[in-house]
Amino acid sequence: MKNYGGSSDIDMEQTATWDNMQQRFKCCGTMSYKDWHKPEIGTGDKNVPASCCKDSDGPNKCPPTGLPFPPDTERIYTDGCYTKAISEIGVPRLIAVVGAIGGVELLGVIFGCCLAARYRNKHYRPR
């Protein structure tokens, strides 16, 4: 969020990612739309981005520069993207992914220990 709206290539990619996520999950900010107003992570102009707006066309369409604080909460998504993303991904799926990664790591440690034990064996001769 800190680099949102920046001019470098990385900043523009981060801006596009935030815009896509906020529109897809119908959310704004990390925990709420108020995150955009925090000086350490918000936009430089202290506006809520246009990607937080509910209406992309029509009479309530937000300007491209977003809405100044305090925004009209009827026009924007007020829920944060963190909770929306977690509920979209689902806790069971998240646990399964973390468990699979942990399982692969554990197998690597076990195979590494077996190889080290075999290497230390004085009678070991590579074939």
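First things first, this report covers the structure right here in the doc. No experiment lies behind these values; they were computed from the predicted model shown.

What counts, and where the lines are drawn
Residues numbered from 1 in each chain as written. Predicted model: local features only at pLDDT ≥ 70, side-chain atom pairs only at ≥ 80, totals over all residues. Heavy atoms only, no water. Core = buried A, V, L, I, M, F, W, Y, C linked by side-chain atoms within 4.5 Å. Buried < 20%, exposed > 50% of the residue type's maximum accessible area, 1.4 Å probe, protein only. Helix = DSSP H or I, 4+ residues; strand = E, 2+ residues; numbered from the N terminus. Disulfide = S-S within 2.5 Å. Salt bridge = Lys/Arg side-chain N within 4 Å of Asp/Glu carboxyl O. Contact = heavy atoms within 4.5 Å. Polar contact = N/O pair within 3.5 Å; in protein donor to acceptor, adjacent residues only side chain to side chain. Patch = residues over 30% accessible without salt bridge, like charges linked within 9 Å, V, L, I, M, F, W, Y side chains within 5 Å. Areas by Shrake-Rupley, 256 points an atom, 1.4 Å probe, with all protein chains shown as cover.

What about the nonpolar core?
Logical step 1: In terms of nonpolar packing, the biggest core is built from 17 residues, with Trp 18, Cys 28, Trp 36, Cys 52 and Ile 76 touching the most fellow members.
Logical step 2: Within the residue set of this core, elements represented by two or more residues are α1 (9–25) and α2 (81–89).

Considering the state of the cysteines
Logical step 1: In the structure shown here, the tally under the stated rule is two disulfides.
Logical step 2: There is a disulfide in this structure between Cys 27 and Cys 81, and the S-S distance comes to 2.0 Å. Between Cys 27 and Cys 81 the sulfur-sulfur dihedral comes to about 90 degrees; the bridge is accordingly right-handed. With a gap of 54 residues between them, Cys 27 in the loop between α1 and β1 (47–48) and Cys 81 in helix α2 connect regions that are remote in the sequence. Like Cys 81, Cys 27 is buried.
Logical step 3: Cys 28 shares a disulfide with Cys 52; S-S distance 2.1 Å. On the sign convention where negative means left-handed, the S-S torsion of about 85 degrees between Cys 28 and Cys 52 marks this disulfide as right-handed. Here Cys 28, found in the loop between α1 and β1, pairs with Cys 52, found in the loop between β1 and β2 (67–68); they are 24 residues apart in sequence, far enough to count as distant. Here Cys 28 and Cys 52 have matching classes, each one buried.

Describing the pattern of salt bridges
Logical step 1: Enumeration according to the criterion identifies one salt bridge in this entry.
Logical step 2: Where Asp 79 meets Lys 84, a salt bridge forms, and the shortest distance between an N and an O atom there is 4.0 Å.
Logical step 3: For Asp 79, a relative accessible area of 44% translates into the label partly exposed.

Topic: the environment of Phe 25
Logical step 1: Mapped onto the elements, Phe 25 comes out in helix α1.
Logical step 2: Accessibility expressed as a relative area gives 14% for Phe 25, which makes it buried.
Logical step 3: Residues contacting Phe 25, with those up to four places away along its chain left out, are Lys 84, Ala 85 and Glu 88.

Looking at the side chain of Ser 51
Logical step 1: Among the structural elements, Ser 51 can be located in the loop between β1 and β2.
Logical step 2: Of note is the side chain of Ser 51, whose polar atom sits 2.7 Å from the side chain of Asp 19.
Logical step 3: Ignoring any residue separated from it by four or fewer positions in sequence, one finds Ser 51 in contact with Tyr 4, Trp 18, Asp 19, Gln 22 and Gln 23.

What to know about a nonpolar patch on the surface
Logical step 1: Together, Leu 106, Leu 107, Ile 110 and Phe 111 make up an exposed nonpolar region whose accessible area comes to about 410 Å².
Logical step 2: Relative to the helices and strands, Leu 107 is located in helix α3 (residues 91–120).

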